[in-house]
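Below, each chain spelled out in residue letters.
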Amino acid sequence: MIRLPRRTLAALAALSAITTAPALAQAPYPTRPITMIIPFAAGGPTDTVGRLIAQVMTTELGQPVVVENVGGAGGTLGAQRVANARPDGYTILLHHIGMSTIPTLYRRVPYDAINGFETVGLVTEVPMTLVGRRTLPATNMAELIALVRRERDRLNYANAGIGAASHLCGLLLMKALDVPMTTVPYRGTGPAMNDLVAGTVDLMCDQTTNTTEQIRGGTIRAFAVTTPQRVASLPDVPTAAQAGLPGFEISVWHGLYTPRATPRPVVERLNRALVAALRDEGIGRRFADLGTAPVEIARATPEYHRTFWQGDIVKWRPLIQAAGQYAD
Ligand code: MLT
């Protein structure tokens, strides 16, 4: 072994510090493709939002943002993948309101559902629609309520598993009507929509980003939107309150995440790319056509997103506890 004098070693250490410290501080990001995990199946509402923003983020970041669908278990499988990924900004998560309900709905999740992520920014809030197969013997909400009360759990209700927005909306509906329905879980409401159009399931509550074109095309029937005001892109669909179901209200927010401990400069870089997507006119037009809009830029900060999300966990907890629906 070659022994170097102590003074030489010290000089080498100092030189190495000079050459590596600035390189680390200014490590360029990103230098390779980024994977955006969508925790639901392709072709559904989360996928639609994710793919739209991924396109603009790709241009902004100068590296491909590649969407990967990791559906199943109400969005927990995809979230787990990101929570357990290296916190280097190359694996990111586009998730929705399920981030607020999963910590209460699941007795155990194999990741830290509250502290396992850095927030990058909110993306959008999407109204939901209560929809049914077009052959359902009910053409409006009053007839649907009568049908649900008569048929009870002989009617089946499609959702994307415990933790999905469609699951939460179903809980609200069953609470409003005080009747049980048989739920049929899918890996996402994209595939569930195929079965609704085919008439093999009866009902679903899903985001306008997935239902608008089917409602307009007449392949499914819309009974109500779940927002206080009508949705401009679906002017003929009444609000739940107008249709006779006051209090049946929910909209689905989406946000972007990285694993906990992702360096702040990386989170900020992703946030700038997200903001560019939210300001993009093409995305604004497409969102409007699908009944939604980008959030105001002031709500697209990591800090606002975290505060909003943590408040939303507290907001939904009593409803879930009262419904008594938990998953293991
Ligand atoms: C999806 O993308 O499939 C939906 O967001 C699922 C849901 O939460 O209902």
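See the structure above.
Undergrad: I'd like a rundown of the overall build of the chain, residues and numbers included.
TA: Counting secondary structure elements, the chain contains 11 helices and nine strands. In terms of its C-alpha atoms, the chain occupies a principal-axis envelope of roughly 90 × 40 × 30 Å. Considering only intrachain contacts with a sequence separation of at least 6, the fraction spanning at least 24 residues in the chain is 78%. With the model as given, the accessible surface of the chain reaches about 14500 Å², and the carbon-plus-sulfur share is 54%. In the chain, which carries 31 positive and 25 negative side-chain charges, the distance between the mean positions of the two groups comes to 7 Å.

Undergrad: Tell me about the site of the ligand, and please be specific about residues and values.
TA: Taken together, Phe 40, Pro 45, Thr 46, His 96, Ala 160, Ala 164, Ala 165, Ser 166, Gly 188, Thr 189 and Gln 207 form the complete shell of residues around the ligand. Side-chain polar atom of Ser 166 to an oxygen atom of the ligand: 2.6 Å apart, as the coordinates give it. Take Gln 207: an N or O atom from its side chain is 3.1 Å from an oxygen atom of the ligand. For the ligand, the protein covers 100% of the area, taking 270 Å² as the surface of the free molecule. Most atoms of the ligand, that is more than half of them, are within 2 Å of grid points of the largest cavity. Looking at the shell around the ligand, the elements with two or more residues in it are helix H2 (45-61) and helix H6 (165-177). By residue class, the composition of the shell around the ligand is five nonpolar, six polar and no charged.

Undergrad: Tell me about the nonpolar core, and name the residues and values.
TA: One finds Met 36, Met 57, Phe 117 and Leu 144 to be the most contacted residues of the largest nonpolar core, which totals 83 residues. Setting aside residues up to four positions removed in sequence, Leu 144 forms contacts with Leu 130, Leu 136, Ala 138, Leu 203 and Phe 223. Of all hydrophobic cores here, the second largest spans 14 residues; its members include Val 131, Ala 192, Met 204 and Leu 234.

Undergrad: Can you explain H2? Please cite residues and give values.
TA: In this model, H2 (17 residues) spans 24 Å end to end at C-alpha, consistent with the 24 Å of a helix rising 1.5 Å per residue. The first or second residue beyond H2 is Gly 62, which carries a positive phi of 75°.

Undergrad: Describe the environment of Lys 315, with residues and values.
TA: Topologically, Lys 315 is positioned in helix H11 (residues 302-323). Each C-alpha atom of the pair Lys 315 and Val 237 lies 28 Å from the other, and the pair is 78 residues apart in sequence.

Undergrad: Go over the packing of H2 against helix H10 (residues 281-289) with me, naming the residues and quoting the values.
TA: With their axes 10 Å apart at the nearest point, H2 and H10 run at an angle of 170° to one another. As judged from the angle between their axes, H2 and H10 are roughly antiparallel. Residues Val 49, Leu 52, Ile 53 and Val 56 of H2 form the contact with H10, whose own contacting residues are Ile 283, Arg 286 and Phe 287. Looking at side-chain class alone, the contact of H2 with H10 contains six nonpolar, no polar and one charged residues.

Undergrad: Run through empty space enclosed by the protein, naming residues and quoting values.
TA: For the structure shown, the criterion picks out one cavity of 30 Å³ or more. In terms of lining, the largest cavity is formed by 15 residues, of which the most central are Phe 40, Pro 45, Thr 46, Thr 189 and Gln 207. Breaking the lining of the largest cavity down by element, the ones donating at least two residues are H2, H6 and strand E7 (203-207). Looking at the lining of the largest cavity, the element that brings in the most residues is H2, giving three residues. Within the lining of the largest cavity, the residues separate by chemical class into six nonpolar, seven polar and two charged.

Undergrad: Mind laying out the packing of H6 against H11, listing which residues take part and the relevant values?
TA: Contact geometry of H6 with H11 gives a least axis separation of 11 Å together with a crossing angle of 65°. Our pair here, H6 against H11, has a crossing hand that is left-handed. Facing Leu 168, Leu 171, Leu 172 and Lys 175 of H6, the residues of H11 in contact are Trp 316, Leu 319 and Ala 323. Considered class by class, the residues forming the contact of H6 with H11 number six nonpolar, no polar and one charged.

Undergrad: Run through the pairing of E7, naming residues and quoting values.
TA: Counted residue by residue, E7 has five buried out of five residues, so it is predominantly covered. Two elements, strand E4 (residues 117-133) and E7, share five bridges in a ladder whose sense is antiparallel. Bridge assignment links Met 128 to a residue of E7, and that residue is Gln 207.

Undergrad: Talk me through the packing of aromatic side chains; I want residue IDs and the actual numbers.
TA: On inspection of all chains with the given rule, the structure shows seven aromatic pairs. Aromatic pair Trp 253 and Phe 308: ring centres 5.3 Å apart, planes at 85°, arrangement edge-to-face. One end of the pair, Trp 253, is in strand E9 (residues 251-259); the other, Phe 308, is in helix H11, with 55 residues separating them in the sequence. On the basis of relative accessibility, which here comes to 2%, the residue Trp 253 falls in the buried class. Ring centres 6.2 Å apart and planes at 15° place the aromatic pair Tyr 304 and Phe 308 in the stacked group. Note that Tyr 304 and Phe 308 are positioned in helix H11 at a spacing of four residues, about one turn of the helix. What makes Phe 308 partly exposed here is its relative accessible area of 21%.

Thresholds applied
Residues numbered from 1 in each chain as written. Predicted model: local features only at pLDDT ≥ 70, side-chain atom pairs only at ≥ 80, totals over all residues. Heavy atoms only, no water. Helix = DSSP H or I, 4+ residues; strand = E, 2+ residues; numbered from the N terminus. Contact = heavy atoms within 4.5 Å. Areas by Shrake-Rupley, 256 points an atom, 1.4 Å probe, with all protein chains shown as cover. Lys, Arg positive; Asp, Glu negative; His and termini not counted. Charge placed at Lys NZ, Arg CZ, Asp CG, Glu CD. Near = heavy atom within 4 Å. Polar contact = N/O pair within 3.5 Å; in protein donor to acceptor, adjacent residues only side chain to side chain. 1 Å grid on protein atoms, 1.4 Å probe; cavity = no way out; pocket = protein on both sides within 12 Å on 5 of 7 lines; lining within 4 Å. Sits in = over half its atoms within 2 Å of the grid points. Nonpolar A, V, L, I, M, F, W, Y, C, P; charged D, E, K, R; others polar. Core = buried A, V, L, I, M, F, W, Y, C linked by side-chain atoms within 4.5 Å. Buried < 20%, exposed > 50% of the residue type's maximum accessible area, 1.4 Å probe, protein only. Expected span 1.5 Å × (residues − 1). Axes fitted to C-alpha atoms, helices over the stretch in contact; angles between N-to-C directions. Parallel < 35°, antiparallel > 145°, perpendicular 65-115°, else oblique. Points joined across faces, edges and corners; volume = space filled by probe spheres on them. Left-handed = near helix turned anticlockwise from the far one by under 90°. Pairing = 2+ DSSP bridges. Phe/Tyr/Trp six-rings, centres within 6.5 Å; stacked < 30°, edge-to-face > 60°.

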